[in-house]
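Geometric and topological summary
Spelled out from the first residue to the last, the chains are:
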Amino acid sequence: MKVKYVLIVLILFTKGLLAQEPEEKKIKFEASGFIKSDVFFDTRQNTEALEGLLLIYPKDELLDENGKDINAKSSLGIVDISTRVRGKISGPDVFGAKLSGLVEVDWTGIAGTNTSSRVRLRHAYSKLNWEKTEILFGREWHPMFVKDVFPSVMSLNTGIPFQPFNRSPMLQLTHEMGKFKLIGAAISQSDYISTGPDGKSAKYIKNSNIPNLHLQLQFRPGNFLLGAAVDYKSIMPRVSTASLLNDTSIYTTSEKVNSWAYMGYFKYKKSKLEIKAKAIYGQNLSESIMPGGYAVASLDSITGHETYTSYNHFYTWANIIYGDKTKFGLFGGFTKNLGADNKIIDPKRTYGMALDVDYLYRIAPNLSHQINNFLIAVELEYTVAAYGDIVDFYGKYNTSHEVSNTRIMFTVFHFF
């Protein structure tokens, strides 16, 4: 009996000590998110994902035996899978830094798959914050997304294919120097992956043994935010090749595709007015759901050995928003295929996204109104894709024909 009482006293004493634990040593958890419903009508069939919620660009003409365009068909969608839940974690301090983290999921599943499990991990990262330095490790927006400068549109596409859309595992270091901020990151791939001979896969960047490297500088003078960045990526499409003359002959290979991207952006915000824009000159950015990729530049028929050349694209967009509770927004984007660095041997030996498209543009006005934690919005999105007719030796098109889609979308947000 005495042992029993001693144990009870010890338990009560331990609970008392925990109850008196300093505030800064406690772990705090905060849940938030939103319920989102979208109703949208399209005038044409589109290249899209997530039950049509992620509209990218309209499909090319597909003529039947009577010369009628099969893709000139309208469609209607009602989708609620972008509903989102997040949890923020903070404390206790580690290494003299503030420790925090975030986990976020939605119900969209993985783009391009028909999995029965809809829960998708959007974000999962931890951060260590000192006075001027931050280290982040985990799944977060790719630095080219730029969380301070991305399109304010109602569509889940968030400005793609003119704006990078990519969340990936990474190690990111941020350091503030007065009005300047320096960002460096080493990034891998997970859901947003490169394309190659075996389809979409994260193995291409893994086999290269080099992470996607990124360096970015931000400057905040007054009401402005200015930024510039450079991004480097190396992938290895194959680890072996086969002879075109003898199917049984296999050879090892370590040929890589090395690509660069250069980005500049700005934002101006004062009172009810916000203006922001971004421009990118980049290579092989298809993993960020942007037109781009690479092609085979040479092929050895004896060993099957390939060399590659990257496509170059120019992407730009601008966005203006005005209002407080009631907001009006206007988005415009443009993308142009500038061709490959070197001659390609065959237009069919290409890997990437929208390499048959010469240029794309979009105009999207929207109107929203928020009442407490409830928001309603309507958006019109007009997107044009110019499909190339005759390709030259560098993957560029001298002539093209346009197809267009108009989407009208009604959206409801319930924040919590």
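These notes cover the structure that comes with them.

1. Side note on the pairing of strand β24 (residues 374-388)
Here 12 bridges tie strand β23 (residues 357-371) to β24, and the two strands are oriented antiparallel to one another. Within β24, the residue paired with Y359 across the bridge is A386. Across 15 bridges, the pairing between β24 and strand β25 (residues 400-415) is antiparallel. Across the sheet, residue E381 finds its bridge partner in β25, namely R407.

2. Section: the pattern of salt bridges
One pass over the structure, following the stated rule, counts 20 salt bridges. For E134, the salt bridge goes to K127, with nearest N and O atoms at 3.7 Å. When sorted by exposure, E134 lands in the same class as K127, which is buried. As a salt-bridge pair, K336 and D358 come within 2.7 Å of each other at their nearest N and O atoms. With K336 in strand β21 (residues 326-340) and D358 in strand β23, this residue pair connects regions lying 22 residues apart in the sequence. A residue is classified by how much of its surface remains accessible, and K336, at 24% relative accessible area, is partly exposed. On the basis of relative accessible area, D358 is assigned to the buried category, the value being 6%. What emerges from the salt-bridge pattern is a single network uniting R86, E104, D106, R120 and R122.

3. Focus on the packing of aromatic side chains
Taken as a whole, this structure holds 17 aromatic pairs when the rule is applied. Ring centres of F34 and F415 lie 5.9 Å apart, and the angle between their planes is 75 degrees; this geometry places the pair in the edge-to-face category. Of this pair, F34 sits in strand β1 (residues 28-42) while F415 is found in strand β25, placing the two residues 381 residues apart along the sequence. Overall, F34 belongs to the buried group, its relative accessible area being 7%. By relative accessible area, which is 28% here, F415 ends up partly exposed. Note on Y294 and Y351: the rings are 5.4 Å apart at their centroids and 40 degrees apart in plane angle, and the pair reads as tilted.

Cut-offs used in this document
- Residues numbered from 1 in each chain as written.
- Predicted model: local features only at pLDDT ≥ 70, side-chain atom pairs only at ≥ 80, totals over all residues.
- Heavy atoms only, no water.
- Pairing = 2+ DSSP bridges.
- Helix = DSSP H or I, 4+ residues; strand = E, 2+ residues; numbered from the N terminus.
- Salt bridge = Lys/Arg side-chain N within 4 Å of Asp/Glu carboxyl O.
- Buried < 20%, exposed > 50% of the residue type's maximum accessible area, 1.4 Å probe, protein only.
- Phe/Tyr/Trp six-rings, centres within 6.5 Å; stacked < 30°, edge-to-face > 60°.

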